[in-house]
Structures are given as structure tokens and as C-alpha cells.
Amino acid sequence: MATLKLTIVVLISGHGSNLQAIIDEIDKDLPIQISAVISDQANAYGLTRARQAGIKTTVVPAQDYPNRQAYDQALLTTIKQYQPELIVLSGFMRILGEVIIYHYTGKIINIHPSLLPKFKGLHTYVQAIAAQEKHHGSSVHFVTAELDSGPIIAQSTLDILADDSAETLKQRTQSLEHQLYPQVLRWFAENSLHLSAEGIYKDNQLLTGPISFTPKVNL
Ligand code: GRF
């Protein structure tokens, strides 16, 4: 019997290594269908990855619209066309407008390269090293109107090494991400994760904190 697949759209702006990790898991056994990859950047390498995997791509460039409201409306119209059950932000470098967030409440997730609530926004590796943190990592969270502040679903953690640069820390953190994001998507596909007014439910249990996920990678 064919398994029902969760339909998602993935929003990217750049390299798309997390998108690739999701595609690779789908090729194995992740029961997900990517109905489109949408980018604000026509030259995002992630679009090439999507095309190579036979996934539809659409570019919605910011410069084609007179203001943010018009852009967000166009992006919403584009997303709706692909009827996603979940919107997956994967290195999408724009803040989503409220018109999209409220249309898809509880249906948008993002991956952010820090142990939220620490180090929101950009340059998280530089920030973590400068703050002399002992640990860093990545978080997958629901998207709300406040940047990088929605309920956190899961996190993966690593040690910051004495000789880490922002670049080496980024490489190791992204290795974590490439297992963390597909795992969270698997939970959605299995219908075991839900956002409610009280918080996040996993397997019908209210989470009291982010799920700690330890990937099998050598760091
Ligand atoms: C990831 O590190 C993710 O945490 C952040 O943007 C980066 C995107 O990388 N939001 P890629 O485009 O998936 O390679």
C-alpha cells in the first residue's frame, strides 16, 4: 500500500545544502513530496539542486515588487499554488510577512544555526565564538512574527573547540543540520508533531523543552 506523503514547499536563498539533505532522505525513505522549491534569488545554487532532482522551482525576486507588502502577497500566492501542508524555510534570507505567517500558522518551520534563544539573526558562529561559548548547534523552530523566536521543536548540540574559527564551526554545525532537519520532517510526515495554543505536542505529549537530537556524525 502506498504511504501518504506530506507535501511541502521549501524556501531557499542560497547554497541549499539542507535542501539537498532532505532530497537525499526522500530518495531513501522519507515520506515527503516537495511540490516546489521557491527562491528570492534567481542564482541560488539550491535551485540547481532542485532541478537536478526533478523538483519544480519558482523565483520570486524582491526587485520585481514595489514594497514588502506586495512582495509578501506575491510570495503567498506562489506558495498557495503548490498547496503545501508544511512550509520549510531552509536558508531563506528574508523575514516572512505576517500575511504569510498568519495564513499558515503552525505550518511554517525554520532551521537556525544556533542554540536558540541564543544568537538570533545573522553571524551566529562569530557571535558564539566571541561570547566564548562552550557549545553551539542548530535549532528547528516554528516561525512566528518575531524573528527566530517561535516555539523550538528540536536542537542538536556540539562542543566548540579551542581552535574553531567561524568557518570550521559552520561546517560542523551544518553537518548536524543535515540530519536534524530531515529528522524533524520525518516527525511531521508521521503526523507526530503539532503546534497548539499550549505549545508543541510530540506523540500527544506536551513538550517541556526542545527535543535534543543527537545525529550520528563524526564531528
Ligand atoms: C543553514 O545553516 C541554516 O541554519 C540557515 O541558513 C543556512 C542555509 O544553508 N538558516 P544551506 O543553504 O542549506 O546550505
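Use the structure listed above.
Our subject in this report is the structure included herewith. The shown structure was predicted, so the numbers you read here are calculated from the model rather than taken from an experiment. Throughout this description, residue numbers start from 1 for each chain and increase along the sequence as written. Residues qualify for local features only when their pLDDT is at least 70, as the model is predicted, and side-chain atom pairs are given and counted only at 80 or more; totals for whole chains, interfaces and linings, by contrast, use all residues. The side-chain quantities take in all heavy atoms of the structure and omit both hydrogens and water.

Considerations on the side chain of Gln155
(1) Moving on: The secondary structure listing takes helices from DSSP runs of H or I that are at least 4 residues long and strands from runs of E that are at least 2 residues long, numbered from the N terminus. Examined against the element boundaries, Gln155 turns out to sit in strand β7 (residues 152-159).
(2) Moving on: The buried label goes to any residue with under 20% of its type's maximum accessible area, the exposed label to any with over 50%, and the partly exposed label to all in between, with areas taken from a 1.4 Å probe on protein chains only. Overall, Gln155 belongs to the buried group, its relative accessible area being 14%.
(3) Moving on: Counted as a polar contact is a pair of N or O atoms within 3.5 Å, where, for protein atoms, one must be capable of donating a hydrogen and the other of accepting one, and residues adjacent in sequence contribute only when both atoms are in side chains. A polar contact is formed between the side chain of Gln155 and the backbone oxygen of Leu116, at a distance of 2.8 Å.

Thoughts on the pairing of strand β8 (residues 193-196)
(1) Moving on: In this analysis, strands are considered paired if DSSP registers two or more bridges between them. Summarising the sheet, β8 and strand β9 (residues 199-202) pair through 4 bridges and their orientation is antiparallel. If you follow His194 over to β9, its bridge partner there is Tyr201.

Thoughts on helix α3 (residues 68-81)
(1) Moving on: With 14 residues, α3 extends 20 Å between its outermost C-alpha atoms, agreeing within 8% with the 20 Å of an ideal straight helix rising 1.5 Å per residue.
(2) Moving on: For α3, the complete set of buried residues consists of Tyr71, Asp72, Ala74, Leu75, Leu76, Thr78 and Ile79.
(3) Moving on: Throughout, a residue-residue contact means that at least one pair of heavy atoms, one from each residue, lies within 4.5 Å. The inward-facing, buried residues of α3 abut β1 (6-12), β2 (32-39), β3 (57-59), β4 (86-89) and α4 (98-103).
(4) Moving on: Looking at where α3 begins, the residue whose side-chain oxygen comes 3.3 Å from the main-chain nitrogen of Gln69 is Asn67.
(5) Moving on: Gln83, located one to two residues past α3, shows a positive phi value of around 45 degrees. Take the number of residues in a helix, subtract one, and multiply by 1.5 Å to get its expected span.

Re the pattern of salt bridges
(1) Moving on: The salt bridge definition used is simple: a Lys or Arg side-chain nitrogen within 4 Å of an Asp or Glu carboxyl oxygen. Evaluation of the coordinates by the stated rule reveals 7 salt bridges.
(2) Moving on: Of the charged contacts, one joins Glu25 and Lys28 as a salt bridge, the two residues approaching to 3.0 Å between their closest N and O atoms. In this pair, Glu25 and Lys28 both sit in helix α1 (residues 17-28), 3 residues apart, roughly one turn of the helix.
(3) Moving on: A relative accessible area of 19% means that Glu25 is categorised as buried.
(4) Moving on: Since its relative accessible area comes to 63%, Lys28 is described here as exposed.
(5) Moving on: Measuring nitrogen to oxygen at the nearest pair gives 2.9 Å for the salt bridge that ties Asp203 to Lys202.
(6) Moving on: Under the relative-accessibility criterion, Asp203 is labelled partly exposed at 47%.
(7) Moving on: A single network of salt bridges, built from pairs that share partners, joins Glu25, Lys28, Asp29 and Arg186.

Some thoughts on α1
(1) Moving on: Relative to the 16 Å expected for 12 residues at 1.5 Å per residue, α1 spans 17 Å between its end C-alpha atoms, a close match to the ideal helical length.
(2) Moving on: Of the residues making up α1, those classed as buried are Ser17, Asn18, Leu19, Ala21, Ile22, Ile23 and Glu25.
(3) Moving on: Where α1 is buried, its residues touch β1, β2, α2 (45-52), β4, β5 (108-112) and α6 (166-189).

That is the geometry; function is a separate question.
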